[in-house]
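# Analysis of the macromolecular model
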Amino acid sequence: MPFNHPSFSQQRRQFLKYGLLASASLALASSCHSESQSEESATPTTTTQAESPSQVIVIGAGIAGLAAAQQLKADGFEAIVLEARDRVGGRIWTDRSLGVPIDMGASWIHGPEDNPITPLAAKARARTFVTQDANEAVYDVSGRLIPKSVVSQSEEHYNALLKQIAELTDAEDQDISIAEAIRRIDAAELQDLLIQYQLAAYMEFETGGPIEKLSARSWADDRSFAGEDVLFPNGYDAVINLLAKGLTIKLGQVVTQIAPTNAGVTVTTNQGSFTGQCAVVTLPLGVLKQKRVTFNPGLPAPMMAAIDRIEMGTVNKVALRFPKAFWETEVQFFGFTSQTKGKYPYFLNAHTFTAANALVTFGLGNYGLAMESQSNQQIEADVLETLKTMFGKVEQPEAVLVSRWTADPFTGGSYSYPGVGATPEDFAALAEPIADRLFFAGEHTIHQYRASVHGAYLTGIREARHIKDLYG
Ligand SMILES: Cc1cc2nc3c(=O)[nH]c(=O)nc-3n(C[C@H](O)[C@H](O)[C@H](O)COP(=O)(O)OP(=O)(O)OC[C@H]3O[C@@H](n4cnc5c(N)ncnc54)[C@H](O)[C@@H]3O)c2cc1C
């Protein structure tokens, strides 16, 4: 959930405040603080047999897995984290190869008020920067700056359209996609480039899903916290590093099989096998969909059906560093009413929060997926053409970074979204434990806060508590 645009967030979302959950995170944050600084995450191990069958195996060192492991440790359990990559953080990934920190996965704390990530960021002493969605300049397809009054009018129109979609879905028995709902209301709306821009830059970015597959009934039935979004000028990984402190983390362990037994659980990796009394599985939905890990016995039918119905969307980022800024340096966001929906319609001006002359743009919806099969050269050329249209000139970039989250075998997409027919119960089915041995966490296992860092974090705490209740 990388975007919190007021036009829809105030329309259908409820700003519920979860005081209890926030205080749980504070407790965890202080327990992290007291941990030793030693990390066992630096060296991948060779074949390993877990020595303690009473340990809890946590699969995945994204925020859900790290939160679970820290909470388990605080509750007196021995936890071992198995991670396929050579780094921790999963979809929180700060790349520094451009010379400045660029978050190629999550960037924002959405709604920092009462958000459980806020106290963690404070504990990590991470600098945060408030972004304002209204600090935006939108250009039309021929490069003319669209007057703010016209953009505002269009946003009002977009909000009215969202209301019509809600009314239509309330009246229909069957769920349909957002695109189909708009077609039934007025197909011409889909041809309006400013509306198309908002559907891509707001809705497809927020949900991760293309409007052609996104459920008209359920696309906005989750919740958010209040407050203006903040990002991390020095990298989101400050939060990850805090949570990883003091944990036993084995990197380079690609889990291939998970087998619960009467006595415990055996987890097989590319390097060996581990036994424990139970496991927290934080494998991303995309990995579950692609059946990259074998469950023995197989997953229950309701969980398999939910894995099918909940979709994994694609949001990709392209970050470019230039020798000098050729754009308005004070503006935080630039919009572009691209002819092709989702093709680089939105730019984050990293110059507003770092010393670098850097821009980050996004491939969204169907285009986010399509761009993954293009070369970096092609992607760079397309982005530069867009920038030239917008600003009339362009510099050659010194360095470019491209994400490909769907091709990534350890994610298989960016974040989960409800496909047509998906229900809150489907998200709940993904969180259903198996035989009190396998416990499931991750952003796709929490309906209210799906697709977010805070949601994933809360699921890790949730499953650690679950284990404490059963085995503590
Ligand atoms: C481009 C992008 C932008 C985003 N922007 C935001 C944002 O601004 N704000 C926000 O709140 N959220 C954002 N999100 C969503 C957020 O990043 C995720 O919801 C959250 O990080 C997911 O955490 P997780 O622990 O559930 O999964 P992950 O972080 O994916 O962790 C799962 C871990 O399991 C590991 N793994 C996978 N397969 C195996 C295997 N076979 N064996 C062992 N380990 C394995 C993975 O490597 C990974 O480390 C964004 C996501 C993306 C991709």
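Residues numbered from 1 in each chain as written. Predicted model: local features only at pLDDT ≥ 70, side-chain atom pairs only at ≥ 80, totals over all residues. Heavy atoms only, no water.

### Quick look at the overall build of the protein chain
Each helix and strand counted, the protein chain has 14 helices and 22 strands in total. Expressed as a percentage of its 472 residues, the buried residues of the protein chain come to 61%. In the protein chain, of all internal contacts separated by at least 6 residues, the share reaching a separation of at least 24 is 76%. Total accessible area on the protein chain is roughly 17700 Å²; 50% of this is exposed by carbon and sulfur atoms. (Helix = DSSP H or I, 4+ residues; strand = E, 2+ residues; numbered from the N terminus. Buried < 20%, exposed > 50% of the residue type's maximum accessible area, 1.4 Å probe, protein only. Contact = heavy atoms within 4.5 Å. Areas by Shrake-Rupley, 256 points an atom, 1.4 Å probe, with all protein chains shown as cover.)

### Looking at the site of the ligand
As a matter of local geometry, the ligand sits amid 40 residues, with Glu83, Arg91, Trp108, Val255 and Val453 nearest to it. With respect to the ligand, the backbone of isoleucine 63 contributes an N or O atom lying 3.3 Å from an oxygen atom. A distance of 3.0 Å separates an oxygen atom of the ligand from a polar atom in the backbone of alanine 64. For the ligand, whose accessible area on its own is 1000 Å², the fraction buried by protein is 99%. Sorting the residues of the shell around the ligand by element identifies helix H3 (63–74) and helix H14 (453–471) as the ones contributing at least two each. Tallied by class, the residues present in the shell around the ligand amount to 24 nonpolar, 12 polar and four charged. (Near = heavy atom within 4 Å. Polar contact = N/O pair within 3.5 Å; in protein donor to acceptor, adjacent residues only side chain to side chain. Nonpolar A, V, L, I, M, F, W, Y, C, P; charged D, E, K, R; others polar.)

### Regarding the packing of aromatic side chains
Using the criterion set out here, one finds 21 aromatic pairs in the structure. With 5.6 Å between their ring centres and 45° between their planes, phenylalanine 129 and phenylalanine 353 make a pair best called tilted. Placement of phenylalanine 129 in strand E6 (residues 129–130) and of phenylalanine 353 in the loop between strand E18 (343–349) and strand E19 (358–363) is noted, with a sequence separation of 224 residues between them. We note that phenylalanine 129, like phenylalanine 353, is buried. Three or more aromatic residues joined by ring pairs form one cluster here, namely Tyr139, Phe322, Phe326, Trp327, Phe334 and Phe391. (Phe/Tyr/Trp six-rings, centres within 6.5 Å; stacked < 30°, edge-to-face > 60°.)

### Here's the deal with the confidence of the model for the protein chain
Considering every residue of the protein chain, the mean pLDDT works out to 90; 89% of them sit at 70 or more. When the criterion is pLDDT under 50, residues 1–51 qualifies, and its contacts beyond four places in sequence or with other chains add up to 140 contacts. (pLDDT = per-residue confidence, 0-100.)

### Here's the deal with the sheet that holds strand E1 (residues 56–59)
An order of E9-E2-E1-E13-E22 is seen for the five strands of this open sheet, with the pairing classed as parallel. Edge positions in the sheet fall to strand E9 (248–250) and strand E22 (438–440), since each has one partner strand and no second. Between one strand axis and the next, the sheet turns through 20° on average, direction left out of account. Pairing of E1 with strand E13 (residues 278–281), which is carried by four bridges, proceeds in the parallel orientation. Across the sheet, the residue bridging to valine 58 is valine 280, located in E13. Across the face of the sheet, H3 comes into contact with E1, strand E2 (79–82), E9 and E13 while running at roughly 160° to E1. (Pairing = 2+ DSSP bridges. Axes fitted to C-alpha atoms, helices over the stretch in contact; angles between N-to-C directions.)

### As for the pattern of salt bridges
The final tally for this structure, using the stated rule, is 17 salt bridges. Note that glutamate 172 is salt-bridged to arginine 184, the shortest N-O span being 3.1 Å. Here the residue glutamate 172 occupies a position in the loop between helix H5 (148–171) and helix H6 (178–186), and arginine 184 occupies one in helix H6, the gap between them amounting to 12 residues. Since its relative accessible area comes to 42%, arginine 184 is described here as partly exposed. Where aspartate 426 meets arginine 309, a salt bridge forms, and the shortest distance between an N and an O atom there is 2.9 Å. Note that aspartate 426 is positioned in helix H13 (residues 424–430) and arginine 309 in helix H10 (residues 301–309), a separation of 117 residues in sequence. Of the residues examined, arginine 309 reaches a relative accessible area of 36% and is grouped as partly exposed. (Salt bridge = Lys/Arg side-chain N within 4 Å of Asp/Glu carboxyl O.)

### Details of the sheet that holds strand E12 (residues 272–276)
Strand order in this open sheet of four strands is E12-E11-E10-E14, and the pairing throughout is mixed. Single-partner strands in this sheet number two, and they are E12 and strand E14 (294–295). Pairing of strand E10 (residues 255–260) with strand E11 (residues 265–269) involves five bridges; the strand directions are antiparallel. In the strand pairing of E11, glutamine 257 is matched with threonine 268.

### Overview of the pairing of E2
Burial of the side chains of E2 extends over both faces: Ala79 and Val81 are buried on one face and Ile80 and Leu82 on the other. As paired strands, E1 and E2 are joined by four bridges and run parallel to one another. The residue of E2 that forms the bridge with valine 56 is alanine 79. For the crossover from E1 across H3 to E2, the handedness is right-handed. Of the strand pairs in this sheet, E2 and E9 are connected by three bridges, and their pairing is parallel. The residue bridging leucine 82 from the neighbouring strand is lysine 250, located in E9. (Right-handed = clockwise from strand over helix to strand, strands pointing away.)

### Examining H14
The first and last C-alpha atoms of H14 sit 27 Å apart over 19 residues, in line with the 27 Å expected at 1.5 Å per residue. Inspection of H14 places Val453, His454, Gly455, Ala456, Tyr457, Leu458, Thr459, Gly460, Ile461, Glu463, Ala464 and Ile467 among the buried residues, and these make up the whole buried set. (Expected span 1.5 Å × (residues − 1).)

### Some details on unusual backbone geometry
The omega torsion across asparagine 296 and proline 297 is 0°, close enough to zero to call that bond cis. On the secondary structure map, proline 297 appears in the loop between E14 and H10. If you check the backbone angles, tyrosine 344 has positive phi at about 50° while not being a glycine. Position of tyrosine 344 relative to the elements: it lies in strand E18. Positive phi, normally seen in glycine, also occurs at alanine 451, with a value near 60°. For alanine 451, the location among the structural elements is in the loop between E22 and H14. For alanine 451, a relative accessible area of 8% gives the class buried.

### Some points on the nonpolar core
Ile178 and Met203 are the most contacted members of the largest nonpolar core, which totals 51 residues. Per-element accounting of this core gives the leading share, eight residues, to helix H7 (residues 193–207). Those residues in contact with isoleucine 178 that sit more than four places away from it in its chain are Ile165, Met203, Ile211, Leu214, Ser215, Ala216 and Trp219. (Core = buried A, V, L, I, M, F, W, Y, C linked by side-chain atoms within 4.5 Å.)

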